[in-house]
Amino acid sequence: VVTRKRKTYAKLFSSILKYLMIILVIISILQVNGVNVSSLVAGLGLASAIVGLALQDALKDIVMGVNIIVDDYFSVGDVLKIKDVEGKVIEVGLKTTKLKDVNTNDVFVIANRNIGEALRLSNQLDIDIPLPYEENVTEMEEILHNAMKKIQKLEHVTNVEYRGLQHFGDSAIYYKLRLYCKPDFKAQTKRDANRIIKLELDANNIEIPYMQVDIHNA
C-alpha cells in the first residue's frame, strides 16, 4: 500500500511540476519580449472572468484530483470499475486518471471530475458451482476440497475458502468457493479455477446439471 501511494504522489508531483514549468516558461517569454507581466495580470478584468468560465471543467478536474490523493480514494496499482470498464490505475494526474483495462490492456484516460462513481475492486472472487441434488453433500464437499488444494497452487491465488451451500436452484444445489487473488488477475484466475473444478468433477464422474426440455407429441 505504501509503495502504491508513493507512486501516486510521484505521478501527482510530476503533473504539478509540469504545469508550473509551463507557466514559468510563458512568463519568461513575455518578460524577454518586454511585456510587463504585473500590469498585464492587473489589467485582465473581463478577460480573466471569461477565461475562468472556460476553465471551469479543468478546475473541477484539478479539485477532484487533489481530493483523490488527499482522501485516498485510490492509488496507482488499485483496480477500479467505472461503468463497464475494469482497469488498473497506472497514473493519477491533476486533471486525468489513466486506467489499463485488465481484460483487453486498452488504456483509458478519464477526466477526474467523472470518477465519482468509481468502485475500487477487492481481492475477493466468488465461484458458485451447481451440483446435482442426487449426490451426497458430504461427498461433493470432499471433491471440492480436493479441487481447492489445486486452486491454491495457482500463481495469483493467496487463499481459498469453502463457504458452504449458497442456494437451492431449480435443478442443482449451488456450492460456494471464495478465492483471494490480485484484482487485475481475477478473470484469468476464475477461468483457471473453473477448469480445475471441471476436471475434478469429471474424474469422479459427477455431471454438472443443465436445463432440459421434454417435448411430448400429442
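A. Geometry of the sheet that holds strand E2 (residues 85–92). The strand order E4-E3-E2-E1-E5 describes an open sheet built from 5 strands, whose pairing is antiparallel. Edge positions in the sheet fall to strand E4 (107–111) and strand E5 (119–120), since each has one partner strand and no second. By the bridge criterion, 2 bridges tie strand E1 (residues 79–82) to E5 in an arrangement that is antiparallel. Residue pairing in the sheet places Lys 81 in a bridge with Leu 119 of E5.

B. Main features of helix H5 (residues 137–151). The terminal C-alpha atoms of H5, which comprises 15 residues, lie 21 Å apart, in line with the 21 Å expected from a rise of 1.5 Å per residue. Taken together, the buried positions of H5 are Met 140, Ile 143, Leu 144, Ala 147, Met 148 and Ile 151. For H5, the arc enclosing every buried residue in end-on projection is 150 degrees, short of the 170-degree limit, so these residues lie on one face. Residues of H5 that are exposed and point over 90 degrees away from its buried face: Thr 138, Glu 142 and Lys 149. For H5, the secondary structure elements touched by its buried residues are strand E6 (124–131), strand E7 (157–168), strand E8 (173–181) and helix H6 (186–203).

C. Structural context of the sheet that holds E6. Reading across from one edge, E6-E8-E7 is the order of the 3 strands in this open sheet, with antiparallel pairing throughout. Among the strands making up the open sheet, the edge pair consists of E6 and E7. Mean inter-strand twist for the sheet, computed between neighbouring axes without regard to direction, equals 20 degrees. Sheet topology note: the E6/E8 ladder contains 8 bridges and is antiparallel. Its bridge partner being in E8, Ile 129 is matched across the sheet by Tyr 175. Against the sheet, H6 touches E6, E7 and E8, its axis set at about 30 degrees to E6.

D. Examining the pattern of salt bridges more closely. Taken as a whole, this structure holds 9 salt bridges when the rule is applied. Note that Asp 126 is salt-bridged to Lys 176, the shortest N-O span being 3.7 Å. Of the two residues, Asp 126 sits in strand E6 while Lys 176 sits in strand E8, which places them 50 residues apart along the sequence. Exposure remark for Asp 126: the relative accessible area of 28% places this residue in the partly exposed category. Two residues, Arg 178 and Asp 126, come together in a salt bridge whose shortest N-O distance is 2.7 Å. Of the two residues, Arg 178 sits in strand E8 while Asp 126 sits in strand E6, which places them 52 residues apart along the sequence. Since its relative accessible area comes to 14%, Arg 178 is described here as buried.

E. The arrangement of the environment of Tyr 162 in detail. Mapped onto the fold, Tyr 162 is located in strand E7. Sequence separation between Tyr 162 and Lys 176 is 14 residues, and the spatial gap between their C-alpha atoms is 6.3 Å. In contact with Tyr 162, other than residues within four places in its own chain, are Glu 141, Leu 144, His 145, Met 148, Tyr 175, Lys 176 and Leu 177.

F. The arrangement of the packing of H5 against H6 in detail. Interhelical geometry of H5 versus H6 gives an angle of 140 degrees and a closest axis separation of 9 Å. Relative to H6, the element H5 lies oblique. Seen along the crossing, H5 lies across H6 with a hand that is right-handed. Taken together, the residues of H6 that come into contact with H5 (itself represented by Ile 143, Asn 146, Ala 147, Lys 150 and Ile 151) are Ala 193, Ile 196, Ile 197, Glu 200 and Leu 201.

G. Layout of the nonpolar core. Ranked by internal contacts, the top residues of the largest apolar core, which has 23 residues, are Ile 129, Leu 131, Ile 151, Leu 177, Leu 179 and Ile 197. Per-element tally for this core: the top contributor is H5, with 6 residues. In this structure, Leu 177 is in contact with Leu 125, Asp 126, Ile 127, Ile 129, Met 148, Ile 151, Glu 161, Tyr 162 and Ile 197, ignoring residues within four places of it in sequence. Core analysis: the next-biggest nonpolar cluster, separate from the first, contains 12 residues, Ile 68, Val 76, Val 92 and Leu 99 among them.

H. Representation of H6 within the structure. For H6, with 18 residues, the first-to-last C-alpha span of 26 Å sits near the 26 Å given by 1.5 Å per residue. Those residues of H6 not exposed but buried are Lys 186, Thr 189, Ala 193, Ile 196, Ile 197, Glu 200 and Leu 201. End-on view of H6: buried residues confined to an arc of 130 degrees, all on one side of the axis. Opposite the packed face of H6, turned more than 90 degrees from it, sit the exposed residues Arg 191 and Arg 195. Where H6 is buried, its residues touch E6, H5, E7 and E8. Following H6 by one or two positions, Asn 205 has its phi on the positive side, about 55 degrees.

Cut-offs and rules
Residues numbered from 1 in each chain as written. Predicted model: local features only at pLDDT ≥ 70, side-chain atom pairs only at ≥ 80, totals over all residues. Heavy atoms only, no water. Pairing = 2+ DSSP bridges. Helix = DSSP H or I, 4+ residues; strand = E, 2+ residues; numbered from the N terminus. Expected span 1.5 Å × (residues − 1). Buried < 20%, exposed > 50% of the residue type's maximum accessible area, 1.4 Å probe, protein only. Arc of directions from axis to C-beta. Contact = heavy atoms within 4.5 Å. Axes fitted to C-alpha atoms, helices over the stretch in contact; angles between N-to-C directions. Salt bridge = Lys/Arg side-chain N within 4 Å of Asp/Glu carboxyl O. Parallel < 35°, antiparallel > 145°, perpendicular 65-115°, else oblique. Left-handed = near helix turned anticlockwise from the far one by under 90°. Core = buried A, V, L, I, M, F, W, Y, C linked by side-chain atoms within 4.5 Å.

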